[in-house]
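Chain by chain, the residues:
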2 protein chains.
Amino acid sequence: MDSADGLQTPQLTFEEGVKAFFDSAPPFENGDGISEKLKQFIAHNSSPPDGNARRVVCVTSGGTTAPLEQRCVRYVDNFSSGHRGATSTEYFLKAGYAVIFLYRRGSFQPFCRSLPDDPLLECFESTSDSNIRVREAHAEAVKRAIIDHHAAVADGLLLKLPYITIFEYLQMLQMTAMSMRCLGRHAMFYLSAAVSDFYVPWKDMVEHKIQSGQSDLLDVKLVQVPKMLKVLREKWAPSAFCISFKLETDTNILLKKASTALEKYKMHAVVANELSTRKEEVVVVTGSARITVRRDKSTNDDVENPLIKLLSGKHDSYIEESSR
Amino acid sequence: MDSADGLQTPQLTFEEGVKAFFDSAPPFENGDGISEKLKQFIAHNSSPPDGNARRVVCVTSGGTTAPLEQRCVRYVDNFSSGHRGATSTEYFLKAGYAVIFLYRRGSFQPFCRSLPDDPLLECFESTSDSNIRVREAHAEAVKRAIIDHHAAVADGLLLKLPYITIFEYLQMLQMTAMSMRCLGRHAMFYLSAAVSDFYVPWKDMVEHKIQSGQSDLLDVKLVQVPKMLKVLREKWAPSAFCISFKLETDTNILLKKASTALEKYKMHAVVANELSTRKEEVVVVTGSARITVRRDKSTNDDVENPLIKLLSGKHDSYIEESSR
């Protein structure tokens, strides 16, 4: 696999690249419905019946796909279980935030991460009188998952929006950001999704399934997805507190890349994590510090617990700054 | 996206290509455990306590992935929900077969296909006394899924083996085929999985995550997966009754490609299906006929019901042929 330096492509400015991406996207289905849900959710949380306005965080979770064919059979996928986003959502709710959970369909859901892969078949069994019951070992986890999850949704504190492709993801992120503008500094973006770096523009895609057998080799050429973090910060949500993530398998380049991202996209913090140790520790990189956050093994805690406490505190300071 | 005709690659014979594929695969984990499960399952069904030996079918289901990186973050995926394989498994069990269900982790499971995407959260609700119960609308479907699924597994009639990558899929298919050789003509392969046509050999893969930002374009070169249907028929399971599938989005080339596959890989039948109508009708292509199989809309039947009846009948004839 090589970077195809020799290929001729028109040089686009950054703005042209962003426009080209959205122009090349397939039609966004049910945009009006999603827009209405967002509006109601934000109204509910910014002026709730009890008078205590909540801060709102948009948590992105799971990986995006880049289709290779219009009638999609094949696609390039970015692996992400969604464990980080789902777990963080629970701690954001605990910290008093309302959460817009923008997740890859089929990835981990908040309150469900301790359940096995296929919870219905794994956690339940049949009884001798032809009925079903929860297996003893899973009883508490299943009950908590259902009760806590439904309570957060019913109380209007958790809005779930599923995506699959990079097109859907960025269309929904834009829509969410525009809806959250009215919250000013009380809005946060916690961008833990694994977003495709490369895509095939919709118009360049073959309509039908790519045929094998015509050659021994398949050569797939993908173009870079414009860095939407920059657009999010500058245009979509200029006042929001923005956290992005950097995941690498090579520790040698991780912190350097996190610092570069912080500066380049003007993030308020970048969470650096290494694939093999990401559930144990992360490093929060800000303009002034690199803070290592570790989970407390003695209490079997999640690393997301101290992480969200730290970020929530930084968000407090960010909100206070503006009133000085 | 182009076929890269101009690229120089060593020309391998077919046998060399097969060897190169398996040599290039990552180590197969838990091979001994799976081999032992297969042995027990086949022994149980070929000489069961009641003396009535069962025919055994290996149903493959879902899509395979081709990793682009050794420490896998990105991969090319083949879309398949696994609906065909899961539904067919139910009808094979009904027709008296024992089923080895080789499925993509996370794809549809037998008896569960009428449930929503996320059955635990969608089908259950909390009660006022802090307990949980099945929602009325899903009660029957949930009960049937759990009871029927667990009964098939408990009775030793359903063995489930999950895979993710093309490497795991072909390693397990080979292992399954070798275990089923002792069944002779009583074995069937029903190959409904969407198998990658192209892959990146393990040794050619970069170890770490591919870096974006070094170029505007990413050029991914994949080589063809050897046509293992041929190896299955000739080497792994020469006496078994073999059904393969052909899925296309372009009806114009579908039947021609199905006939070519039938001849080239010496399948006993090829099931041709078109992406948009695949739940309504399929065409079974054999050496002597093309039989269109349609679902009965008036009874809201599945197309897999008449399909499995037809194929099971053809398998009967195939078994009888040998005793003439």
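Before any of the text, the structure's been laid out above.
Attention here is on the structure that accompanies the text.

What counts, and where the lines are drawn
Residues numbered from 1 in each chain as written. Chains lettered and ligands numbered in written order. Predicted model: local features only at pLDDT ≥ 70, side-chain atom pairs only at ≥ 80, totals over all residues. Heavy atoms only, no water. Pairing = 2+ DSSP bridges. Helix = DSSP H or I, 4+ residues; strand = E, 2+ residues; numbered from the N terminus. Axes fitted to C-alpha atoms, helices over the stretch in contact; angles between N-to-C directions. Phe/Tyr/Trp six-rings, centres within 6.5 Å; stacked < 30°, edge-to-face > 60°. Lys NZ or Arg CZ within 6 Å of the ring centre and 35° of its normal. Salt bridge = Lys/Arg side-chain N within 4 Å of Asp/Glu carboxyl O. Buried < 20%, exposed > 50% of the residue type's maximum accessible area, 1.4 Å probe, protein only. Polar contact = N/O pair within 3.5 Å; in protein donor to acceptor, adjacent residues only side chain to side chain. Contact = heavy atoms within 4.5 Å. Parallel < 35°, antiparallel > 145°, perpendicular 65-115°, else oblique. Nonpolar A, V, L, I, M, F, W, Y, C, P; charged D, E, K, R; others polar. 1 Å grid on protein atoms, 1.4 Å probe; cavity = no way out; pocket = protein on both sides within 12 Å on 5 of 7 lines; lining within 4 Å. Points joined across faces, edges and corners; volume = space filled by probe spheres on them. Disulfide = S-S within 2.5 Å.

## Quick word on the sheet that holds strand β3 (residues 65-67) of chain A
Within the open sheet, the 4 strands sit side by side as β3(A)-β4(A)-β4(B)-β3(B). Their pairing is antiparallel. Every other strand in the sheet has two partners, leaving β3 of chain A together with β3 (65-67) of chain B as the edge strands with one partner each. For this sheet the average axis-to-axis angle between neighbouring strands, irrespective of direction, equals 25°. Examined bridge by bridge, β3 of chain B and strand β4 (residues 74-78) of chain B share 3 bridges and lie antiparallel to one another.

## As for the packing of aromatic side chains
Residue and element names in this part refer to chain A. Counted according to the given criterion, the structure contains 23 aromatic pairs over all chains. Among the aromatic side chains, those forming a connected cluster through ring pairs are F21, F22, F167, Y199 and W236. Across the ring face of Y318, the terminal group of R185 is positioned such that the distance to the ring centre comes to 4.0 Å.

## Description of the pattern of salt bridges
Evaluated as defined, the whole model comprises 37 salt bridges over all chains. When the shortest N-O distance is used, the salt bridge between K230 of chain A and E234 of chain A registers 3.8 Å. Placement of the pair is K230 of chain A and E234 of chain A together in helix α7 (residues 228-236), with a separation of 4 residues, close to one helical turn. Where R135 of chain B meets E125 of chain B, a salt bridge forms, and the shortest distance between an N and an O atom there is 3.5 Å. Residue R135 of chain B is located in the loop between β7 (132-134) and α5 (139-154), and its partner E125 of chain B is located in strand β6 (residues 124-126); the two are separated by 10 residues in the primary sequence. A residue is classified by how much of its surface remains accessible, and E125 of chain B, at 22% relative accessible area, is partly exposed.

## Some details on the side chain of N78 of chain B
Within the element layout of this structure, N78 of chain B appears in strand β4. Accessibility expressed as a relative area gives 6% for N78 of chain B, which makes it buried. Within the local environment of N78 of chain B, its side chain forms a polar contact with the backbone oxygen of V195 of chain B, the two atoms lying 3.4 Å apart. Those residues in contact with N78 of chain B, other than ones at most four positions away along the chain, are V73 and R74 of chain A together with G63, T64, A194, V195 and S196 of chain B.

## Considerations on unusual backbone geometry
All names here are of chain A. Unusually for a residue other than glycine, N300 sits at a positive phi of about 55°. Mapped onto the elements of the fold, N300 is located in the loop between β15 (290-294) and α9 (304-323). For N300, a relative accessible area of 60% puts it in the exposed group.

## Considering the packing of helix α1 (residues 14-24) of chain A against α7 of chain A
For any two helices packed against each other, one specifies the inter-axial angle together with the distance between the axes. All names here are of chain A. The geometry of α1 relative to α7 is characterised by a closest axis approach of 11 Å and an angle of 100° between their N-to-C directions. Taken together, the axes of α1 and α7 lie roughly perpendicular to each other. Contact residues: α1 offers F14, V18, F21 and F22, while α7 offers M228, K230, V231 and W236. Of the residues belonging to the contact of α1 with α7, the class tally is 7 nonpolar, no polar and 1 charged.

## Some thoughts on the pairing of strand β14 (residues 281-285) of chain A
Residue and element names in this part refer to chain A. Counting buried residues along β14, 4 of its 5 residues qualify, which places the element largely inside the surrounding structure. For strand β13 (residues 269-274) and β14, the ladder comprises 3 bridges, and the chain directions are antiparallel. Within the sheet, the bridge partner assigned to V270 lies in β14 and is V285. In this antiparallel pair of consecutive strands, β13 and β14, the connection spans 6 residues. Of the pairings in the sheet, the one linking β14 to β15 comprises 5 bridges and is antiparallel in character. Within β15, the position partnered with V284 by the bridge is I291.

## Quick notes on empty space enclosed by the protein
One pass over the structure, following the stated rule, counts 2 cavities of 30 Å³ or more. Put simply, the largest cavity is a space of about 70 Å³. Forming the walls of the largest cavity are L68, R74, L218 and V220 of chain A together with A66, V76, N78, S196, D197, F198 and L222 of chain B. Of all the secondary structure elements, the ones that give two or more residues to the lining of the largest cavity are β11 (217-224) of chain A together with β4 of chain B. Considered class by class, the residues forming the lining of the largest cavity number 7 nonpolar, 2 polar and 2 charged. Counted as a void, the second largest cavity has a volume near 60 Å³. In this structure, the second largest cavity is lined by V76, N78, S196, D197, F198 and L222 of chain A together with L68, R74 and L218 of chain B. Of the residues in the lining of the second largest cavity, the class split is 5 nonpolar, 2 polar and 2 charged.

## Here's the deal with the state of the cysteines
Inspection of every chain in the model, using the stated rule, returns 0 disulfides over all chains. The cysteine C182 of chain A is free of any disulfide, with C58 of chain A supplying the nearest cysteine sulfur at 14 Å.

## As for the sheet that holds strand β9 (residues 187-191) of chain B
Residue and element names in this part refer to chain B. Read across the open sheet, the 8 strands follow the order β8-β5-β2-β9-β12-β13-β14-β15; overall the sheet is mixed. Since the sheet does not close on itself, it has two edges, and those belong to β8 (158-163) and β15 (290-294), each with one partner. Each strand of the sheet is rotated relative to its neighbour by a mean of 20°, with strand direction disregarded. With 5 bridges connecting them, strand β2 (residues 56-61) and β9 associate as parallel partners. Pairing of V57 across the sheet is with M188, part of β9. Together, β12 (241-248), β13 (269-274), β14 (281-285) and β15 form the strand contacts of helix α8 (residues 251-264), whose direction differs from that of β13 by roughly 165°.

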